[in-house]
Amino acid sequence: MEPVVIKTKGLRVTYDQLVALDSLSLSLPRGIIGLLGPNGAGKSTLIKVLIGLKKPVGGSVSVKGMVPWEQTLYLRDHVGYMPEYDCLIDEMNPVTLVSHFGRISGMEKGDTVWRAHEVLDFVGLGEERYRNIGTYSTGMKQKVKLAQAIVHDPPILFLDEPTEGMDPLGKEEMLKLIKRVGKTGKTVVVSSHQLHEIERTAEHIVILDRGKLLMEGPLKKILHGEEKNIRSIVIGEPDRLEPFRKYLKDTYQVFSSKIIGNELNVSMKWEDTGNHFFSMAVDHGLQVKEYRPHIRSLEDAFFLTFREGK
Amino acid sequence: MDMMPLEYRAWLGVRTRYLTRVRAMMDGVISSSFSSKGILSIFIIGIVLVHAFPGVVLVMTPHTRLTAWMLVGEGFFGWTYLTSGVFSTFIFLLSAGITSNLISQDLRNRSFVIYFSRPLGVTEYLIGKFGGTFVVMSAFCTLPVLVNGIMIMATQTGPDYISSVRILLLTLVAGSFASLLFIPYGMMLSSLTKRKAYAGIGTFMTYFSLTLVGEFFSASDPNWKLLNPMNVLHYSFELIYGLGLPTDISPDLYVLALIILLVPTTIITGIRVKRYEGAV
């Protein structure tokens, strides 16, 4: 079990009368964490609370054992933040900007220039790094935003909509970068509403809606569901398939079943062993062509959670 | 075949102390000021017109020691040094030029968030911006005057070097005061607009308009001269060098003029930036 890096309990954040986060309790381990939810779900607010930019009205928060609004400066040495919107200084070039912010994050002047080049190399900015940021495309700006967030090598990264406004190739590149950063043992919190991107990147998922927690857990567990479900293809004589289907339907919880030619496609809840399923098929004079756990997509899980949540 | 991507490498350095971060902010202002062609031009022309010419004249004129009168009094052929309109005009131009982009740049680019998500509070942010501007202003208002003072001392014919050193130390105070007096107003205007031009022209035009209005009404009451920021600076020089305020100027109104230039402007700037810190 990975140690908990970020922990909130009964967190409540308001903007005047509007409740942005309500009774939010989370325990997030190290790794890449996908923060999902529609617009206005409270994703950006949660990130702001975690880096001490917004003070909650209730509840407790701990990031790497630190309380963000009590040990703010110390905590901020250990986090990197990539904001959602355009926030880079257009009149600077990335080398100057990244090294400048590296110094503000506590790096020695002598370290910042080579380190700026190192992280710009990592994010894939070439000779264009000497051009002013104002001339950059959205994708290039996103890379610079990532570079300024990682320049001081923080163990925790908060990336707010990192692929926003990027073209498909750029998105792909950014997701690969996030994965590569995640592999270094950092905790990377990625906020997004692009479900397929999070599904490909994250190891742990948090789903928020209107400031409330709808679901939290490891991605694998969410995709497999709480229960053990299987999907199987059974082959044999069509006149034997129908009784087998009827038997399954009468005895177990079958989600879907379809006979096409001499194949029965079945998706069902199955808590027994695989051998038992195979022997049942043999008893009916049939053969199992395919037997595998039924994995749903994150999109299915997301919408199911939403329907249940509402 | 794809090229192998560069792998992420950790930074293994030791973090600096928090106060050093303010120094980083200052360095940012200094390097951006000196890389601006406009500011650099004002700086160089100013050094030649304001400091080089009077410096040469003062050094070449026979003198027994460095006196306050040489720096702030009626100079030779009516040419004054620190109390000349040319010096004040260049201070206005330079302070307007540097401060115009100080905060408006972060407003325009919405970059407060990348400052305040780092170990930097509003106070450190403002001190850093102010400090950087002060250093650049000092390079114009203090350093050349000190150099001229040292040159005058080096060529003095009399033996009273102690008195000259005292004047030199007062010059350091006067230069520092001139460097900081006009920064808060410029910073305030810079925190009120996203546009560098509005902040820069607004700052300079305020000083210019106040100069005109102050001089226009001074015929009816000499205290109107205090509306002219140039006069506030000149009176401050005279006070620092121990020459006293002119008798027709009210000391209370002089202090009020100083407070207006420094206090509300700083408070407004602080409130504006604090507001942006909360909104990031």
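Provided above is the structure to which this section pertains.
Residues numbered from 1 in each chain as written. Chains lettered and ligands numbered in written order. Predicted model: local features only at pLDDT ≥ 70, side-chain atom pairs only at ≥ 80, totals over all residues. Heavy atoms only, no water.

Student: Explain the nonpolar core residue by residue, including any values.
Tutor: In globular proteins that are soluble, nonpolar side chains generally tend to be buried together. With 149 residues, the main nonpolar core has Phe158(A) and Tyr125(B) as its most contacted residues. The element contributing the most residues to this core is helix 7 (residues 122-141) of chain B, with 8 residues. Excluding residues within four positions of it along the chain, Phe158(A) makes contact with Ile6(A), Ile47(A), Leu50(A), Ile51(A), Val79(A), Gly80(A), Tyr81(A), Met82(A) and Val189(A). (Core = buried A, V, L, I, M, F, W, Y, C linked by side-chain atoms within 4.5 Å. Buried < 20%, exposed > 50% of the residue type's maximum accessible area, 1.4 Å probe, protein only. Helix = DSSP H or I, 4+ residues; strand = E, 2+ residues; numbered from the N terminus. Contact = heavy atoms within 4.5 Å.)

Student: I'd like a description of the environment of Gly211(A), backed by residues and values.
Tutor: All names here are of chain A. You can see Gly-211 is positioned in the loop between strand 8 (204-209) and strand 9 (212-218). Overall, Gly-211 belongs to the buried group, its relative accessible area being 0%. Residues Gly-211 and Glu-173, 38 residues apart in the sequence, show an inter-C-alpha distance of 31 Å. Discounting chain neighbours no more than four positions away, the residues touching Gly-211 are Ala-20, Leu-21, Asp-22 and Ala-41.

Student: Lay out the sheet that holds strand 1 (residues 4-15) of chain A with the relevant residues and their values.
Tutor: Residues and elements named next belong to chain A. Spatially, 2-1-4 is the arrangement adopted by the 3 strands of the open sheet, whose pairing is antiparallel. At either margin of the open sheet sits one strand with a lone partner, and together these are strand 2 (18-29) and strand 4 (58-63). Going across the sheet, the axis of each strand differs from the next one's by a mean of 20 degrees, ignoring polarity. Pairing analysis gives 8 bridges linking strand 1 to strand 2, with the strands arranged antiparallel. Note on strand 2: the bridge partner recorded for Tyr-15 is Leu-18. Here helix 1 (residues 43-50) sits on the sheet in contact with strand 1, strand 2 and strand 4, set at roughly 115 degrees to strand 1. (Pairing = 2+ DSSP bridges. Axes fitted to C-alpha atoms, helices over the stretch in contact; angles between N-to-C directions.)

Student: Describe empty space enclosed by the protein, and please don't skip the residues or the numbers.
Tutor: All names here are of chain A. Scanning the model with the defined rule gives 2 cavities of 30 Å³ or more in all. Lining of the second largest cavity is provided by Pro-162, Thr-163, Leu-175, Ile-178, Val-190, Ser-192, Glu-197, Ile-198 and Thr-201. Elements with a contribution of two residues or more to the lining of the second largest cavity: helix 6 (168-182), strand 7 (187-192) and helix 7 (195-201). Ranked by the residues each element gives to the lining of the second largest cavity, the list is headed by helix 7, at 3 residues. Of the residues in the lining of the second largest cavity, the class split is 5 nonpolar, 3 polar and 1 charged. (1 Å grid on protein atoms, 1.4 Å probe; cavity = no way out; pocket = protein on both sides within 12 Å on 5 of 7 lines; lining within 4 Å. Points joined across faces, edges and corners; volume = space filled by probe spheres on them. Nonpolar A, V, L, I, M, F, W, Y, C, P; charged D, E, K, R; others polar.)

Student: Account for the interface of chain A and chain B, with residues named and values stated.
Tutor: Listed as interface residues are 39 residues of chain A and, on the opposing side, 33 residues of chain B. Counting each side, the surface lost to burial between chain A and chain B is near 3,700 Å², with a carbon and sulfur contribution of 53%. On the chain A side of the interface with chain B, the three residues burying the most area are Tyr85(A), Arg103(A) and Ile104(A), jointly 16% of the side's total. Counting the contacts that link chain A with chain B gives 5 salt bridges. Between Glu7(B) and Arg180(A) there is a salt bridge, with its nearest N and O atoms 3.7 Å apart. Elements with a contribution of two residues or more to the side of chain A that touches chain B: helix 2 (72-77), helix 3 (94-104), helix 4 (109-123) and helix 5 (138-150) of chain A. (Buried area = accessible area lost by both parts, 1.4 Å probe. Salt bridge = Lys/Arg side-chain N within 4 Å of Asp/Glu carboxyl O.)

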